[in-house]
Each structure stands twice: as C-alpha cells, then as structure tokens.
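Spelled out, the chains give:
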Amino acid sequence: MHGRLKVRTTAEQQEIKAKERAKKLAIYKVAMDRIFSKRKSGELDDEILKITGQVLTENPDISTLWNIRKETIVKIKNTTPDLVDNYVSKELTLTEQCIRVNPKSYNSWFHRSWVLDKGSNIDFQAEFLLCDKCLELDERNFHCWDYRRIIVQMSKTPLENELQFSTNKITKNFSNYSSWHYRSELLPRIYPSSSGDTLLDDQKLAEECNLIQNAIFTDPNDQSAWFYQRWLLFTKKESDSKENSKNSGFLSVLNDELESCQQLRDLEPNNKSVSCCDALTAWGTKKRFCNL
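Residues numbered from 1 in each chain as written. Predicted model: local features only at pLDDT ≥ 70, side-chain atom pairs only at ≥ 80, totals over all residues. Heavy atoms only, no water.

In plain terms, the rule: UniProt positions are given in the numbering used here, feature names are shortened, and annotations may be inferred rather than shown by experiment.
Per an unreviewed UniProt entry, the chain carries the name Geranylgeranyl transferase type-2 subunit alpha and comes from Daphnia magna. Its UniProt record gives the chain a comment under Catalytic activity (unreviewed entry), which states: "geranylgeranyl diphosphate + L-cysteinyl-[protein] = S-geranylgeranyl-L-cysteinyl-[protein] + diphosphate".

Here we look at the state of the cysteines
Put simply, the rule reads: Whenever a pair of cysteine sulfur atoms sits within 2.5 Å, that pair is classed as a disulfide.
This model, assessed by the stated rule, comprises 0 disulfides. Of all cysteine sulfurs, the one in Cys144 lies closest to Cys131, which takes part in no disulfide; the gap is 3.9 Å.

Comments concerning the pattern of salt bridges
Just so we agree on the cut-off: Here, a salt bridge means any Lys or Arg side-chain nitrogen found within 4 Å of an Asp or Glu carboxyl oxygen. Secondary structure elements follow DSSP: runs of H or I no shorter than four residues count as helices, runs of E no shorter than two count as strands, and numbering proceeds from the N terminus. Only protein chains enter the accessibility calculation, which uses a 1.4 Å probe. A residue is then buried if its area is under 20% of the maximum for its type, exposed if over 50%, and partly exposed in between.
Inspection of every chain in the model, using the stated rule, returns 18 salt bridges. As a salt-bridge pair, Glu15 and Lys19 come within 3.6 Å of each other at their nearest N and O atoms. Taken together, the residues span about one helical turn, with Glu15 and Lys19 both in helix H1 (residues 10-40) at a distance of 4 residues. When the shortest N-O distance is used, the salt bridge between Glu91 and Arg69 registers 2.5 Å. Residue Glu91 is located in helix H4 (residues 84-101), and its partner Arg69 is located in helix H3 (residues 63-79); the two are separated by 22 residues in the primary sequence. Grouping residues by exposure puts Glu91 and Arg69 together as buried. Here the salt bridges do not stand alone but share partners, grouping Arg34, Lys38, Glu43, Asp45 and Glu47 into one network.

Looking at the packing of aromatic side chains
Threshold: Planes of paired rings set the category: under 30 degrees apart is stacked, over 60 is edge-to-face and the rest tilted, where pairs are Phe, Tyr or Trp rings (Trp by its six-membered ring) whose centres lie within 6.5 Å. Criterion for a charge above a ring: Arg CZ or Lys NZ at most 6 Å from the ring centre, at most 35 degrees from the ring normal.
Throughout the structure, instances matching the rule amount to 7 aromatic pairs. On the basis of an interplanar angle of 20° and a centroid distance of 5.8 Å, the ring pair of Tyr106 and Phe110 is categorised as stacked. In this pair, Tyr106 and Phe110 are both assigned in helix H5 (residues 106-116), 4 residues apart and thus about one turn of the helix distant. Geometrically, the ring pair formed by Tyr177 and Phe227 is edge-to-face, given 6.3 Å between the ring centres and 90° between the ring planes. Linking Tyr177 in helix H9 (residues 177-190) with Phe227 in helix H11 (residues 223-234), this pair joins segments that are 50 residues apart in sequence. Each member of the aromatic cluster is reached from another via a ring pair, and the members are Trp145, Phe165 and Tyr182. Taking NZ or CZ as reference, Lys70 lies 5.6 Å from the ring centre of Trp114, over its face. The aromatic ring of Tyr87 is capped on one face by Lys90, whose charged end is 5.2 Å from the ring centroid.

Brief notes about the side chain of Ser193
Note the threshold: Pairing of N or O atoms within 3.5 Å defines a polar contact, subject to two protein rules: one partner must be a possible hydrogen donor and the other a possible acceptor, and residues neighboring in sequence count only if both atoms are side-chain atoms.
Mapped onto the fold, Ser193 is located in the loop between H9 and helix H10 (202-218). Owing to a relative accessible area of 5%, Ser193 belongs among the buried residues under this scheme. Engagement of the side chain of Ser193 in a polar contact is seen with the backbone oxygen of Leu200, the distance being 3.4 Å.

Brief notes about the confidence of the model for the chain
Detailed reading of predicted coordinates is not advised where the pLDDT is low. Quick note on the threshold: You can read pLDDT as the predictor saying how much it trusts each residue, on a scale of 0 to 100. For this analysis, residues touch if any pair of their heavy atoms sits within 4.5 Å.
Across the chain, the average pLDDT comes to 85, with 82% of residues at or above 70. In the model, residues 240-245 has pLDDT below 50 throughout and makes 8 contacts with residues more than four positions away in sequence or in other chains. Predicted confidence for residues 286-292 stays below pLDDT 50, and this span has 12 contacts to residues more than four positions away or in other chains.

Considerations on unusual backbone geometry
With a phi angle near 55°, Lys156 is a residue other than glycine that sits in the positive phi range. Along the polypeptide, Lys156 turns up in the loop between helix H7 (142-155) and helix H8 (159-172). Of the residues examined, Lys156 reaches a relative accessible area of 71% and is grouped as exposed.

In structure tokens, the structure reads:
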C-alpha cells in the first residue's frame, strides 16, 4: 500500500547482516595486513597508530595490536622524547573509547596503566573521574578497581580519601562486595592494631562493627557484610605475645557482635547466615575468655 513502510522479512534481514559482516571482515583483513606489513618493516609511526586504533575501537581485545602500540610509543620516547606527552594523551583517549565499548576489557585497562608511566603530565583527577563513572555502571568491575589502586599509588592520594570513597560506596549499596574488599586492604594500613587480636585498633574495630550491623540488619541475606565481618573479627596479626590475647577491648567488641547476632536471630530465626555468625562469634568470645 502507498505511504506504508515495507517491513523486511527475516531472510532479508539476515542477508543484510551477512553483507555487513562480510564488508567489515574485508576491511579488517586489509587493515591487519597493512599493520603486520609495517611492523615487519619497522615502520612504527603515526599511520600504524591510526590503523591499530581504528581496529581496536571495534574490538579492544586484540592483545597483539596493543603490543604494537607499545612498541611504537617506546620508539617515539627514545627518538623524540619531547613528543611523548602528546602521544600519551592520545593513548588515554583511545583506551577510554575502548573501555566504553567494553568496560571490562583487560587489554584496555592494562594499556592505560602502562601508558601512565610514559607521561610526565598526567591529569589524575580525570583518571579518578573515569573510575567513578565506570564503577557507577558496574560497581564490581575489578579491572577498574585494580586501575584505581594504581592511580592512587602513582598520584600519592591519601589512603584516608580512598577509605571515605569506600564508605560512600558501601553506604549507597551494602551489597558492594568490591568496596568491602577494598576496605579490608586500606584499614590495616591506616589503623593498625597494637595487639595481635585483630588487624585494627579497638576504636576503629568497633566503628567497623557498627557499619556491619547496619548492613546486616538492612539485608540479612546479603553475604558481603558477613564475609567482611569474619575477616574483621577473626583475622589476627602474627604474634607470640601472650598478653595480646588479654585485649579487653576486643572482648567487648566480640560480646557486642554476639548480642547483635542474637537480636538478629530472633528477627530471622531461619536465616543460616545469622545462625552461623552467632555460633562463630560465641566461639570466639568463649575462646578469648578462656585465655584470660
């Protein structure tokens, strides 16, 4: 009928897609042939960066192409070091485009961390913003978490800032297991214990337990806070000192946790996580009292 759009049949759609794939494959083969030809002849220049970049924005997970780009950047650094910062900026732009295509592309994140060492004027604030955006999309993107650890170290960012970042993430979503894990790495470095009972000092340990209680009372079935609680209460510093087991502050924390678990058990009598925590905390408390 006149004025109506023609609806393509399934066969027609498949034929169109097949032609598109064939066209892309032909372009891909030409590009790869050109790349390897230039590499073989030692032509590591702007053209090879352009072609590899075009291929990688379509498929960021071709490790060989990232290695060719590394070779090219190293050559530029050795021959014209004054131009390196400009090339580093281009690499950061490319990797960001590739991360948008695949936020969990190992090769893209690894290349980005590699290229940071080659520049002398890195905007670390922009790097943190990229991490923030990626973790908003997927809070368990471990490639992004690993990259964040790298830029924290390179930028000499205070660990207290990162701890606050972790707190904000957890407060927003108690099920953010990656933030709990990140927290377990930061806390012993910021608030180390003077005894052998735990990895943290007593005051910070009590504060962390309050945070855990908020999480488990909000969602007793979520495992993230429970795993963190076990690490927090039953991971000890290596020490042979008998006096360490007489830490009354830690006993107080254990008793508070036991009482909290018992209260939650009354509310959730059939919850296996609560029952397990209750028994484990009671065992820990009993063991500490026996050591006094």
